[in-house]
Amino acid sequence: MTITAPTRAPQTRPVPLRRLIELLLLRISLFAAFQAAIAAALALEGTPDAWAASAAWWPLTASAANLVNLGMLAYYLRQDGSSLRSLYLPRRATVRRNLGVALVTLVLAVPLAALPNIGLATLLFGDAQEALNMLVQPLPVWAAVLAILLFPLTTALAELPTYYGYVQPRLAALKAPAWTVVLVPAVFHALQHATLPLLFNPSFILWRAAMFLPFALLLSVVLRKRPGILPYLLIVHFALDMQMALLVLQA
């Protein structure tokens, strides 16, 4: 006998396609917009090459974008008769089964997140460390500490729930082709990193846009088959982003 969560129907209710397009484009646009705001503030302070300097602040631009993202996601879920809570809480009846799938997914996902990242950086820059140095730059201590407090948590709550908790099942509800339901959220999930941070360096943009594509495709395939593992993946996502925030603090 299949046990269905009470929130299942609102989660899969068809919604206007324009709403899904808006959410797919939201994060990549917000990352650039908040970086532009920081660049403007730095320019007013007299910082030379303010845009390049603004790139170091990407953990905070991401945090600001996440908060806007969460607000919009909560609004749309309320319109659907649901809430953010429905995306975060596991269903008790399937905890054991979904936890096992989540663990297998984690084993597969870690190398898919790390190896293309390093391999592509080495191919494009000759040395993966050069790409990492462009990404992880020093911040004032107060900003780095704030990044540790905000970046991992807000990203875990906003990123995967947007692409795979909201957009993916609603694409399916609109009767989109099966390959579209898997490919579209994964591609936009990967592409969003191209503006986090936005540096006008073609190699850096390509690296950021493609580095997580295999990882995103894996998540998209698994979450399409087993959406109930999403809450467990949020915990893993939080831990991975905390590691990145700690790198920023060390810098």
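Right, let's walk through the structure included here. (Residues numbered from 1 in each chain as written. Predicted model: local features only at pLDDT ≥ 70, side-chain atom pairs only at ≥ 80, totals over all residues. Heavy atoms only, no water.)

**A short note on the overall build of the protein chain**
Helices and strands together make up the secondary structure of the protein chain, namely twelve helices and zero strands. By the compact-globule yardstick of 18 Å for 251 residues, the protein chain fits well, its C-alpha radius of gyration being 18 Å. Dimensions of the protein chain along its principal axes, counting C-alpha atoms only, are 65 × 35 × 35 Å. Counting all 251 residues of the protein chain, 47% fall into the buried class. At a minimum sequence separation of 6, the contacts of the protein chain that also span at least 24 residues come to 81%. Accessible surface, the protein chain: about 12100 Å² in total, of which carbon and sulfur atoms supply 70%. (Helix = DSSP H or I, 4+ residues; strand = E, 2+ residues; numbered from the N terminus. Rg over C-alpha atoms; globule rule 2.2 N^0.38 Å. Buried < 20%, exposed > 50% of the residue type's maximum accessible area, 1.4 Å probe, protein only. Contact = heavy atoms within 4.5 Å. Areas by Shrake-Rupley, 256 points an atom, 1.4 Å probe, with all protein chains shown as cover.)

**What about unusual backbone geometry?**
Looking along the chain, the bond that leaves Leu 196 and enters Pro 197 is cis, with omega of -10°. The backbone phi angle of Asp 49 is positive, close to 45°, even though this residue is not glycine. By the element assignment, Asp 49 lies in the loop between helix H2 (17–44) and helix H3 (50–54). Phi is positive for Lys 175, close to 65°, though the residue is something other than glycine. With respect to the element layout, Lys 175 can be found in the loop between helix H8 (141–173) and helix H9 (178–191).

**Brief notes about the environment of Leu 149**
Residue position: Leu 149 is located in helix H8. Leu 149 gets classed as exposed once you look at its relative accessible area, which sits at 58%. A sequence separation of 86 residues divides Leu 149 from Ser 63, and the C-alpha atoms of the two residues are 9.6 Å apart.

**Section: the nonpolar core**
A general tendency of soluble globular proteins is for nonpolar side chains to be buried together. Tyr 164, Tyr 166 and Trp 207 are the most contacted members of the largest nonpolar core, which has 67 residues in total. Considering every element that reaches this core, the biggest residue donor is H8, with 13 residues. Setting aside its immediate chain neighbours within four residues, Tyr 166 contacts Val 15, Arg 19, Leu 20, Leu 23, Leu 73, Tyr 76, Leu 77, Asp 80 and Pro 161. (Core = buried A, V, L, I, M, F, W, Y, C linked by side-chain atoms within 4.5 Å.)

**Some thoughts on H8**
With 33 residues, H8 should reach 48 Å at 1.5 Å per residue; the first-to-last C-alpha distance of 46 Å fits that figure. Of all 33 residues making up H8, 25 are buried, and the element is well covered by its neighbours. After H8 finishes, the residue Lys 175 shows a positive phi value of roughly 65°. (Expected span 1.5 Å × (residues − 1).)

**A word on the packing of helix H6 (residues 95–125) against helix H10 (residues 202–210)**
Running from amino to carboxyl end, H6 crosses H10 at an angle of 165°, the nearest separation of the two axes being 10 Å. Comparing the axis directions of H6 and H10 gives the class roughly antiparallel. As for how H6 packs across H10, the hand of that crossing is right-handed. Of the residues in H10, those in contact with Asn 117, Leu 120, Ala 121, Leu 124 and Phe 125 of H6 are Ser 203, Phe 204, Leu 206, Trp 207 and Ala 210. When grouped by side-chain class, the residues that make up the contact of H6 with H10 number eight nonpolar, two polar and no charged. (Axes fitted to C-alpha atoms, helices over the stretch in contact; angles between N-to-C directions. Parallel < 35°, antiparallel > 145°, perpendicular 65-115°, else oblique. Left-handed = near helix turned anticlockwise from the far one by under 90°. Nonpolar A, V, L, I, M, F, W, Y, C, P; charged D, E, K, R; others polar.)

**Considering the pattern of salt bridges**
Scanning the model with the defined rule gives three salt bridges in all. The residue Asp 80 makes a salt bridge to Arg 19 at a minimum N-O spacing of 3.0 Å. Remark: Arg 19 occurs in helix H2 and Asp 80 occurs in the loop between helix H4 (58–79) and helix H5 (85–88); sequence separation between them is 61 residues. Note on Arg 19: relative accessible area 11%, which makes it buried. One salt bridge in this structure joins Glu 159 and Arg 27, with 3.3 Å as the shortest N-O distance. With Glu 159 in helix H8 and Arg 27 in helix H2, this pair connects stretches of sequence that are 132 residues apart. In this pair, the class of Glu 159 matches that of Arg 27, namely buried. (Salt bridge = Lys/Arg side-chain N within 4 Å of Asp/Glu carboxyl O.)

**Some points on the packing of H6 against helix H11 (residues 213–225)**
Viewed as axis vectors pointing N to C, H6 and H11 meet at an angle of 160°, and their least axial separation amounts to 8 Å. The angle between the axes of H6 and H11 places the two elements in the roughly antiparallel class. Seen from above, H6 lies across H11 with right-handed handedness. Two secondary-structure elements touch here, H6 through Val 101, Thr 105, Leu 108, Ala 109, Leu 112, Ala 113 and Pro 116 and H11 through Pro 214, Phe 215, Leu 218, Leu 219 and Val 222. Along the lines of polarity and charge, the residues of the contact of H6 with H11 split into eleven nonpolar, one polar and no charged.

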